[in-house]
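Breakdown of the fold
Each chain is listed here by its residues.
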Amino acid sequence: MSTIVVSRLRPGEGGALRLFASQEALLAFAIVGIAILVGLYNPRFLATRNLGDIVLGNAYIAVAAIGMSMVIVSGNIDISVGSLIGVLATISGSLAVAGVPIILVWLTPLMVGILVMMLQGAVIAYLRIPAIVVTLGMLSILKGGLISVTGGRWITDLPQSFHLADIELFGILPMPVLIMVAATILAALWMRYSASGRAIFATGGNAEAARLCGVSPRRTVVMVFALHGLFAGIAALLFATQLKVIQSTVPPNLELTVITAAVVGGVSILGGVGTVVGSTLAAVLIAEIASALVFINVSPYWIHAVQGGLILVTVVADILRRQRRQVGE
Amino acid sequence: MAVLAPEVRSAAPRWLIRHETLLVAILLVALVILGLFNERFLTVDNLLNQGRLMTEVGLLALPMTFIIITGGIDLSVGSIVGLCAIMLGYSWKNLGFPLPLAIAFAIGVGGVAGFVNGLLITRVRVPPLIMTIATLALYRGLAEGISQARSVRNYPEWFFYTGQGEWLGVPVQLWILLVGIIVAGIALDRTTFGRTLYAIGNNETAARFSGLPVDRVKLVVYTLSGLAAGLSAWVLVSRVTTTRSDMGSGYELDVIAAVVLGGTSIFGGVGTIWGTVVGLVMIQLLKNGLALTGVKGDATIIVIGAVLIASTLIASSLHGRREVAG
């Protein structure tokens, strides 16, 4: 088992064929393929504005999926991230309306995100409570807390400076897309080439072996959750600043969309394998499918069924592929 | 293994007795305190009504106890409730099924949904957690897609008997839950099936090598979970008189919290139906007590979430030995 994991992770290994068959390539083909097919059926789908909106409106999901990928690679799961993003978006919106300096408005959600996730990571790693129990509990604490504090009020009259999403670099590249691309590249490089990044794979692949190699699986899990909190904070900012109002409730089923992006992006639910480039592509793919449904006259109410189906297909394919490889060796 | 088995058997009941006595003691104290705070609380009417409200989650908690004892989990139960509720309304209104057939059909759909979970968990070896997260999305998505978020109303009067009627002065659905509790309790405690669940949870590989039908038993418990969700959906639709695709969402929290609070170990191998029943009653009384003291519905999930984490923490620190083994 561990040998398979190691051989899949060695940087620079494998030729063109391998690249061709990789999850990222598959996702890229799917994104282009769907664009062409749906475009043939309904050319309006290919309008620059629509394609731009797909990426722009869902960059926050891709950013949150980066952290989720790390969590899953480390052999854990987090279902509280949707609620956390709702809470952090509300916090930053409230601060902005209260007239707090913009830098604090942007930094506070990041800090709170890191703290909440680190706390969860510590409970999981040091008190040995399964991640699903901790994050399910936290999900309801955050969700219930948010609704009972705000009563689901909408936050309006946000100051102009708050809208991160309106900032465009060189007049063409919107900030959310830039952040999504930069975060993906940095996280991918860090996970692949740094010692602490490699420790995540080692912990998820085989925690005992990792410990014997001098990696602390517990500290790694806390670190992973802290980073996940940071990405959740960034995602919350992108989410909060893309509209003119913030509805201070938890976005429904957001955690499922984030988990779908991470899993469909090629992160193995058995831990130890995965890339954040894949999860970002998967986030774009899911958003593209959601938009495409409308253009081919299928009701958008089917989107959650499509997401669930995508997770199932990817997971089953991943497990069958591993089983075949194990038999082969 | 021969050395391990008697040790486990002698250690588990002693710990269980302590855990359950403790729970019942806490329950009694809570009852008295809530009764003192509010005179409407300790009335027969209120308690029976709480029993009525508890049934939908209670029916799900019974098979969930089985599943968690085997070391698995089912996060999709709430979505199956939603799917079954929609299938009940849809098959009656849109497909023209007679209502009794629609009820049977909805429960059947629940069984199939649970069977699919069990099939992929046992045949493809998808971890239960990720399998049921996927179907949490999938089944809810099917409910939304099939219903197009339209609700179904105008059921005939007799249909409301299950959810609102009384038999011998006790809510009808409470009788269903009672039968379920007795059957599940006996099945877990007194049958080979029940003992197999503990064997799987304690050491699945050993259970397999002992010739126990591990996969078949797991398939059965996940299917039971789906069937219970179908039953729960029927009771729920009958109680609230309408069908919506978001029905049952968030139920997994209440169900898992009740089971874990009742002393079933999230690591598998330990747990009883009686514990789950006490856990259920505590969760329901907690909700009711908070509501009576003026806490709004949304805020109660904060408490339930905290109870879930805290009871797991306490159980695992009382029972540290299991962690090392796991």
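Conventions adopted
For every chain, the first residue of its written sequence is number 1, and the numbers climb from 1 along that sequence. Starting at A for chains and at 1 for ligands, labels are handed out in the order in which the entities are written. Totals for whole chains, interfaces and linings use all residues, but because this is a predicted model, local features are given only for residues with pLDDT of at least 70 and pairs of side-chain atoms are given and counted only at 80 or more. Starting at the N terminus, helices and strands are each numbered in turn, a helix being any DSSP run of H or I of at least four residues and a strand any DSSP run of E of at least two. Our radius of gyration looks at C-alpha atoms and nothing else; its globule reference is 2.2 Å times the residue count to the power 0.38. Residue burial here comes from a neighbour count, namely the number of other C-beta atoms, placed from the backbone, that lie within 10 Å of the residue's own C-beta, with 20 or more meaning buried, 12 or fewer meaning exposed, and in between meaning partly exposed. Any residue pair is listed as a contact if its two C-beta atoms, each placed from the backbone, are within 7 Å. Between N-to-C directions, angles span 0 to 180 degrees; the directions come from axes that are lines fitted to C-alpha atoms, helices contributing only their stretch in contact. Orientation is classified from the angle alone, with under 35 degrees giving roughly parallel, over 145 giving roughly antiparallel, 65 to 115 giving roughly perpendicular, and any other angle giving oblique. Handedness of a crossing follows from how the near helix is turned relative to the far one, being left-handed for an anticlockwise turn of less than a right angle and right-handed for a clockwise one. Lys, Arg, Asp and Glu make up the charged group, whereas Ala, Val, Leu, Ile, Met, Phe, Trp, Tyr, Cys and Pro make up the nonpolar group; the residues left over, Gly among them, are polar. Scored between 0 and 100, pLDDT is the confidence that the predictor attaches to each residue.

**Quick notes on the overall build of chain A**
- The secondary structure content of chain A amounts to 14 helices and 4 strands.
- Relative to the globule expectation of 20 Å for 329 residues, the C-alpha radius of gyration of chain A, 20 Å, shows essentially globular dimensions.
- Residues classed as buried in chain A amount to 50% of the 329 residues present.
- Contacts spanning at least 24 positions in sequence make up 79% of the contacts within chain A whose residues lie at least 6 apart.

**Focus on the interface of chain B and chain A**
- Taken together, the contacts link 38 residues of chain B with 39 residues of chain A.
- When residues of the side of chain B that touches chain A are traced back to their parent elements, those giving at least two are helix H4 (99-124), helix H5 (128-147), helix H11 (251-261) and helix H13 (297-318) of chain B.
- With 13 residues, the top contributor of residues to the side of chain B that touches chain A is H5(B).

**A look at the packing of helix H7 (residues 131-150) of chain A against H13(B)**
- Remark: H7(A) packs on H13(B), axes separated minimally by 7 Å, with the N-to-C direction vectors making an angle of 155 degrees. Judged on the interaxial angle alone, H13(B) and H7(A) are roughly antiparallel. Taken as a pair, H7(A) and H13(B) cross one another with a handedness that is left-handed.
- For the contact of H7(A) with H13(B), the per-class residue count stands at 14 nonpolar, 7 polar and 2 charged.

**A few points about the confidence of the model for chain A**
- With 91% of its residues at a pLDDT of 70 or more, chain A has an overall mean of 87.
- Long-range and interchain partners of residues 1-14 of chain A, a stretch whose pLDDT sits below 50, account for 12 contacts in this model, where long-range means more than four residues apart.

**Quick look at unusual backbone geometry**
- A positive phi angle, close to 55 degrees, is found at Arg128(A), a residue other than glycine.
- If you trace the backbone, Arg128(A) turns up in the loop between helix H6 (102-126) and H7.
- Positive phi is not limited to glycine here, since Thr241(B) has a value of about 65 degrees.
- Here Thr241(B) lies in the loop between helix H10 (214-240) and H11.
- Looking at Thr241(B), the number of C-beta atoms within 10 Å reads 13, which means it is partly exposed.

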